[in-house]
Amino acid sequence: MNGLATRYAEVSAGAEDRLTPAERSVVRKELAELAALDLQDTAVSSLEVMRAVAAAVPERLYTDSADVLRRMHEIAGFGNHQSCLSSLPTVHACFELGLVAGTGGTLPPADLIVGRGHIAPSFYAERYVRGELPFLPLTTLHRGGMTGVVHRDWGFENTMRYSLGVGLAQAVSRAQELAGRGDDRKVVCLAGDGELHEGVTFECIRYAYDTGLDNLVLVVDANDRGIEPLLKPLSRDYLRAYFPTVVEVDGTDAASVRKALAGLLEAPGRAVLVCRTRKGEHSFKLPAAPPRAPSFATTTGRMLADVPTRSGRPPVVFTADMANRFGLRGHVPYHNTGLAETLSVGLTLALPEDDLKVVATDAMYYMDSLSMLTEAATGVRNLMVLAGRNWAAWGGSPNAFNLLSLLTETRVYEPVTEAEFHACARRLAAEPGTVHVLSMVDARFTPPAADCSQAVDDGVWINEPGTGDGDTAVVTFGYATTLVEEANARLRLPHLHCAALNPLFSRPVLERLRRFRRVVSVEYNGSHGGFGSWLRSRYLLPVTVHGVEKDIDNCVHDEQLRRHGMSPAQLAALLCSVRTEAGESRAAARS
């Protein structure tokens, strides 16, 4: 079996209990065909390989792409089903017009750029019913096989990873390049009305107007929702001010979308096609039975409501469509700026000094708004930044510290109990000139046995060390504490928990740590320049760092942990090997 077949067999097996008997049967046939392929050419994309498998197993379980989309999300248990469903008629029209590159290698009549990058599953569903994809990769969506966002390996020449709005920037760039070399083909960009809140989209539209680009067709899925409902519908007047032609159709009717888009491709000039659609709740999740406890991040609103402020007024909270992530609704007043994260920071700039300003964002989003965050960090007092992910290079806690601390005093925390959250809030009240960044973990977990609420910059022992010198201690940051606590249940290694990314240890804690020959640091964040690095450089401890070394993958949380060596089982194996090595070293020293 080749490596690709092995990987897909492993990932698909993890979802086998969610497959119907017919799906299981087809997947087994497809796996056999994949295993039989001679995959020596590493340049071959996943899409090309899967096309070969689809040709060998032509059986189609579903003939309606909407049914395929539903099954993909049910199997994954996660994803943006409603966003994908909202754009599905438009995606269907793009296939009908030949805008989606197929197997023939012919040049499409126009270049297609999918700015609404998370609707990639809509394209996979269409490819499946058209016989271009087998069912196998669909069972791996968000689970380590098929990516949920546009990617070159899956047929999208222009890809994106981090920022909303970059699709329109790519489209304007491509349109200008085609026009510059005399190619009369147009560029079609699929976008959403929430996406058009992004500052870069305003700049792109203005630039296309000012430079006279006449080969750009912007297709907008107008469903009046971003992640949260939009404050107001998309302004058609705004679009008409910059585009000579604006056409509006029923976006739930693929035939109407196809006819209108075909007409705009034939007609001269820059244009917008507004597709009126419907969208339900943003995130798809399987119903939990019995209902599970909420993620820690979603308790933030309730905790914020109990925070006393210097001004005596409630916290002033701004969020870029993240109210649901933090459970703000019904607990604290907040201002939703839509998907305009730079504005969510900018609105803090002229508020009264004693007001507690809270920017509730995604750990990825605050990287998008870095220029404005720089302004706020250097000019705003009583500023709390809530980062709703703790995911490695997506702008997790180490990036906040490494970037902002170059400008001003910055403290970064990852509270894992309500008491720790309030300790961080008290610290900000006592030191309002220091920016406080709180990584709010969007996961469900059991709080640790002890926390740092009495001294939030120090550490607290989950497992106390014994007397005398020791071989190995484990020091963990934030959420990793809960994972290591489970992994360490049988080994019972001395275990120190920290809520601060850059802890300031008291003398008793530091003296006890320095008795150990080896310190293992564990953090579920980007390890470069992070928690372990701080322990090693600040305190000269003999630290072995275990953290997420690469960018985080776009898949469900349990799979994230496994992929990055952070599951409790993997951590238990790590700690066991460390203890074994320590014992061997001790024996060698005695001999």
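Scroll up for the structure.
Residues numbered from 1 in each chain as written. Predicted model: local features only at pLDDT ≥ 70, side-chain atom pairs only at ≥ 80, totals over all residues. Heavy atoms only, no water.

**Student:** Please explain helix H2 (residues 21–36) as it appears in this structure.
**Tutor:** In an α-helix, one turn spans 3.6 residues; hence positions three or four apart end up facing the same way. With 16 residues, H2 extends 23 Å between its outermost C-alpha atoms, agreeing within 8% with the 22 Å of an ideal straight helix rising 1.5 Å per residue. Taken together, the buried positions of H2 are Glu23, Val26, Val27, Glu30, Leu31 and Leu34. Within H2, the buried residues cover an arc of 145° as seen down the axis, which keeps them to one side. Away from the buried face of H2 by more than 90 degrees, exposed residues Pro21, Arg28 and Ala36 are located. Contacts made by the buried residues of H2 are with helix H1 (3–13), helix H3 (46–56) and helix H4 (65–76). (Helix = DSSP H or I, 4+ residues; strand = E, 2+ residues; numbered from the N terminus. Expected span 1.5 Å × (residues − 1). Buried < 20%, exposed > 50% of the residue type's maximum accessible area, 1.4 Å probe, protein only. Arc of directions from axis to C-beta. Contact = heavy atoms within 4.5 Å.)

**Student:** Any chance you could explain the sheet that holds strand E12 (residues 410–413) here in plain terms?
**Tutor:** One key point about sheets: their strands pair by backbone hydrogen bonds, in either a parallel or an antiparallel sense. Within the open sheet, the six strands sit side by side as E9-E8-E10-E11-E13-E12. Their pairing is parallel. This sheet does not close on itself; its edge strands, each paired only once, are strand E9 (334–336) and E12. Taking the axes of each pair of neighbouring strands and ignoring which way they run, one obtains an average angle of 20° across the sheet. (Pairing = 2+ DSSP bridges. Axes fitted to C-alpha atoms, helices over the stretch in contact; angles between N-to-C directions.)

**Student:** Is there a simple way to explain empty space enclosed by the protein in this structure?
**Tutor:** Unfilled space is identified by rolling a water-sized probe across the atoms. Scanning the model with the defined rule gives three cavities of 30 Å³ or more in all. Its volume calculated, the largest cavity comes out at about 60 Å³. Val307, Pro308, Thr309, Arg310, Asp354, Leu356, Asn382, Ala425, Leu428 and Ala429 together form the lining of the largest cavity. A breakdown of the residues in the lining of the largest cavity according to their chemical character gives six nonpolar, two polar and two charged. What lines the second largest cavity is Ser87, Thr90, Arg116, Ile119, Leu190, Ala191, Val219, Val220, Asp221 and Cys275. Mapped onto the lining of the second largest cavity, the elements with two or more residues apiece are helix H5 (81–96), strand E3 (186–192) and strand E4 (216–222). (1 Å grid on protein atoms, 1.4 Å probe; cavity = no way out; pocket = protein on both sides within 12 Å on 5 of 7 lines; lining within 4 Å. Points joined across faces, edges and corners; volume = space filled by probe spheres on them. Nonpolar A, V, L, I, M, F, W, Y, C, P; charged D, E, K, R; others polar.)

**Student:** So what exactly am I meant to see when it comes to the packing of H4 against helix H6 (residues 120–129) here?
**Tutor:** Helix-helix packing is described using two parameters, namely the angle between the two axes and the distance between the axes. Axis separation between H4 and H6 bottoms out at 8 Å; the angle between their running directions is 125°. Relative to H6, the element H4 lies oblique. For the element pair H4 and H6, the recorded crossing hand is right-handed. Here Ser65, Val68, Leu69, Met72 and His73 of H4 lie close against H6, whose contacting residues are Pro121, Ser122, Tyr124, Ala125, Glu126, Tyr128 and Val129. Of the residues contributing to the contact of H4 with H6, the split by class is eight nonpolar, three polar and one charged. (Parallel < 35°, antiparallel > 145°, perpendicular 65-115°, else oblique. Left-handed = near helix turned anticlockwise from the far one by under 90°.)

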